[in-house]
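The chain contents come next:
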Amino acid sequence: MTTGTLHILLAFFVGLGIGLFYFGGLWWTVTRLPNAQRPGLWTMGSFLVRTFVSLFCFYLVMDRRWERLLISLLGFLIARAVLVRRLRPLAKNVPNH
């Protein structure tokens, strides 16, 4: 494998990790909201931490190459799709439309 290919693969897997962090953190936050003392503060704090950490990681993995950013965003979106399917609540008594 060439160095360029390794960088692209690394960018993809880092994007997957960022997506797992961001959307896993979102799921974790939402599941804890019913018992939170200050749900608004909890929600905003979680959003800010997840967003800033994710943007910083995208900045690092990009390394001034837009191709790496696009590949890592692809990994990010794939992680989102996987978590949405995996963490979907079981449908109980939901009418079909």
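Just so it is clear, the model here is predicted, and its values are computed rather than measured.

Undergrad: How do you make sense of unusual backbone geometry when you look at a structure like this?
TA: Most peptide bonds take the trans form, and the phi angle of most residues other than glycine is negative. Phi angles above zero are rare outside glycine, and Asp63 is one such case at about 50°. Within the secondary structure layout, Asp63 lies in the loop between helix H2 (39-62) and helix H3 (66-86). Under the relative-accessibility criterion, Asp63 is labelled partly exposed at 48%. Positive phi outside glycine occurs at Arg64, with the angle close to 65°. Among the structural elements, Arg64 can be located in the loop between H2 and H3.

Undergrad: Please explain the nonpolar core as it appears in this structure.
TA: Generally speaking, soluble globular proteins have nonpolar side chains that are buried together. Core analysis: the biggest nonpolar cluster contains six residues, these being Ile18, Tyr22, Phe23, Phe58, Phe76 and Leu83. Among the secondary structure elements, those contributing two or more residues to this core are helix H1 (3-32) and H3. Looking at this core, the element that brings in the most residues is H1, giving three residues. Once residues within four sequence positions are removed from consideration, Ile18 is found in contact with Ser54, Cys57, Phe58 and Phe76.

Calculation criteria
- Residues numbered from 1 in each chain as written.
- Predicted model: local features only at pLDDT ≥ 70, side-chain atom pairs only at ≥ 80, totals over all residues.
- Heavy atoms only, no water.
- Helix = DSSP H or I, 4+ residues; strand = E, 2+ residues; numbered from the N terminus.
- Buried < 20%, exposed > 50% of the residue type's maximum accessible area, 1.4 Å probe, protein only.
- Core = buried A, V, L, I, M, F, W, Y, C linked by side-chain atoms within 4.5 Å.
- Contact = heavy atoms within 4.5 Å.

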